[in-house]
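Descriptive structure summary
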Amino acid sequence: MESATHPAAAPHKPRTIDVPLEELPPIDEHYIDVEAPAEATFAALFPTLESALGSKFAHSYCERIGAIETEAHGDLHHPGGTLPGFTVTRAIAPVMLAMAGEHKYAKYAVVFRIDLLPGQRSRVRLETRAQFAAGKGKLYKAAVLGTRGHILVVNRMLRSIKRRAELSVNGH
């Protein structure tokens with residue numbers, strides 16, 4: 001009789017996708033109006049996120065802070081797709097994309113909501129939620145939120161989404 005050997009099961013890696021967004025305390029929400037329909041604005045999310053979060057810098061930063069996700073994998077249009085620091089948890093085209101992450105200092109999420117406005121226009125809102133660990137997590141919070149670095153990154157990302165969406169429909 002033959003016997004098969006089975007490799008030992010890999011240790012369970014926590015999945016960011018299992019973190020309920022609603023349990024994370026809200027931090028802030030920012031928005032920008034876009035002269036493009038919701039479909040174009042939603043489509044502009046993905047190259048913007050890939051550019052902002054898919055860099056070598058993002059990868060090495062996420063490794064240094066112990067992020068669960070440090071690589072880009074899968075399709076960002078569907079739950080389970082990843083970028084360094086984030087896993088897509090919800091995707092409802094063209095109105096919502098939610099991504100969550102975790103590292104040794106915090107559990108966090110960003111939720112992009114796209115509102116339909118009159119005249120083939122839209123508004124993209126970016127909500128941030130986070131729960132910081134005790135001790136060094138409080139220092140990390142002060143470094144990220146207290147320095148306005150978070151707001152600068154969020155506003156830059158919103159302007160990039162706006163620019164991409166408007167270029168896709170207006171061509172200039």
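Below is a short write-up of the structure.

Rules behind the numbers
Residues numbered from 1 in each chain as written. Predicted model: local features only at pLDDT ≥ 70, side-chain atom pairs only at ≥ 80, totals over all residues. Heavy atoms only, no water. Helix = DSSP H or I, 4+ residues; strand = E, 2+ residues; numbered from the N terminus. Buried < 20%, exposed > 50% of the residue type's maximum accessible area, 1.4 Å probe, protein only. Contact = heavy atoms within 4.5 Å. Areas by Shrake-Rupley, 256 points an atom, 1.4 Å probe, with all protein chains shown as cover. Phe/Tyr/Trp six-rings, centres within 6.5 Å; stacked < 30°, edge-to-face > 60°. Axes fitted to C-alpha atoms, helices over the stretch in contact; angles between N-to-C directions. Parallel < 35°, antiparallel > 145°, perpendicular 65-115°, else oblique. Left-handed = near helix turned anticlockwise from the far one by under 90°. Core = buried A, V, L, I, M, F, W, Y, C linked by side-chain atoms within 4.5 Å. Expected span 1.5 Å × (residues − 1). 1 Å grid on protein atoms, 1.4 Å probe; cavity = no way out; pocket = protein on both sides within 12 Å on 5 of 7 lines; lining within 4 Å. Points joined across faces, edges and corners; volume = space filled by probe spheres on them. Nonpolar A, V, L, I, M, F, W, Y, C, P; charged D, E, K, R; others polar.

Focus: the overall build of the protein chain
In terms of helices and strands, the protein chain carries four helices and six strands. Classification of the 172 residues of the protein chain by burial places 41% in the buried group. If you take every contact in the protein chain between residues at least 6 apart in sequence, the share linking residues at least 24 apart comes to 60%. Total accessible area computed for the protein chain in this model is approximately 9900 Å², and 56% of it derives from carbon and sulfur atoms.

Overview of the side chain of His103
By secondary structure assignment, the location of His103 is in strand E4 (residues 96–103). Relative accessible area serves as the criterion here: at 9%, His103 is assigned to the buried category. For His103, the contacting residues outside a window of four places in its chain are Ile65, Gly66, Ala67, Tyr108 and Tyr140.

Some words on the packing of aromatic side chains
In this description, an aromatic ring pair is defined by two values, namely the gap between the centres and the angle between the planes. A full pass over the atoms with the stated rule returns five aromatic pairs. Between Phe57 and Tyr61, the ring centres sit 6.1 Å apart and the planes meet at 20°, which makes this aromatic pair stacked. Of this pair, Phe57 and Tyr61 both sit in helix H2 (residues 56–64), four residues apart, which is roughly one turn of that helix. The class of Tyr61 is partly exposed, set by a relative accessible area of 27%. The interplanar angle of 80° and the centroid separation of 5.3 Å between the aromatic rings of Phe86 and Tyr108 together place this pair among those described as edge-to-face. Placement of Phe86 in strand E3 (residues 86–92) and of Tyr108 in strand E5 (residues 106–117) is noted, with a sequence separation of 22 residues between them. On the basis of relative accessible area, Tyr108 is assigned to the buried category, the value being 12%. Within the aromatic cluster, the residues linked to one another by ring pairs are Tyr105, Phe132 and Tyr140.

Focus: the packing of helix H1 (residues 38–53) against helix H4 (residues 149–170)
In the contact formed by H1 and H4, the axes pass within 8 Å of each other and the chain directions differ by 130°. Put simply, H1 runs oblique to H4. For the pair H1 and H4, the sense of crossing is right-handed. Taken together, the residues of H4 that come into contact with H1 (itself represented by Ala40, Thr41, Ala44, Leu45, Pro47, Thr48, Leu49, Ser51 and Ala52) are Met157, Ser160, Ile161, Arg164, Ala165, Ser168 and Val169.

What to know about the nonpolar core
Core analysis: the largest hydrophobic core is formed by 34 residues, its most contacted members being Leu45, Leu49, Leu97, Met99, Phe112 and Val124. Among the secondary structure elements, those contributing two or more residues to this core are strand E1 (26–34), H1, E3, E4, E5, strand E6 (121–132) and H4. A per-element tally of this core places H1 first, with eight residues. Contact partners of Leu45, with chain neighbours within four places excluded, come to Leu97, Phe112, Ile114, Val124 and Ile161. Of all hydrophobic cores here, the second largest spans seven residues; its members include Leu21, Ala98, Ala109 and Val111.

Some details on H1
The end-to-end C-alpha separation of H1 is 22 Å, in line with the 22 Å expected for 16 residues at 1.5 Å each. Buried within H1 we find Ala38, Ala40, Thr41, Phe42, Ala44, Leu45, Phe46, Thr48, Leu49 and Leu53.

Comments concerning the layout of surface pockets
In this structure, the largest pocket occupies an estimated 1000 Å³ of space. If you go around the largest pocket, you meet 38 residues; those closest to its centre are Ala52, Leu53, Phe86, Val153 and Met157. Every element with two or more residues in the lining of the largest pocket is listed here: H1, H2, E5, E6, helix H3 (136–145) and H4. With nine residues, the single largest contributor to the lining of the largest pocket is H4. Of the residues contributing to the lining of the largest pocket, the split by class is 26 nonpolar, nine polar and three charged.

All quantities given are derived from atomic positions and should not be read as evidence of function.
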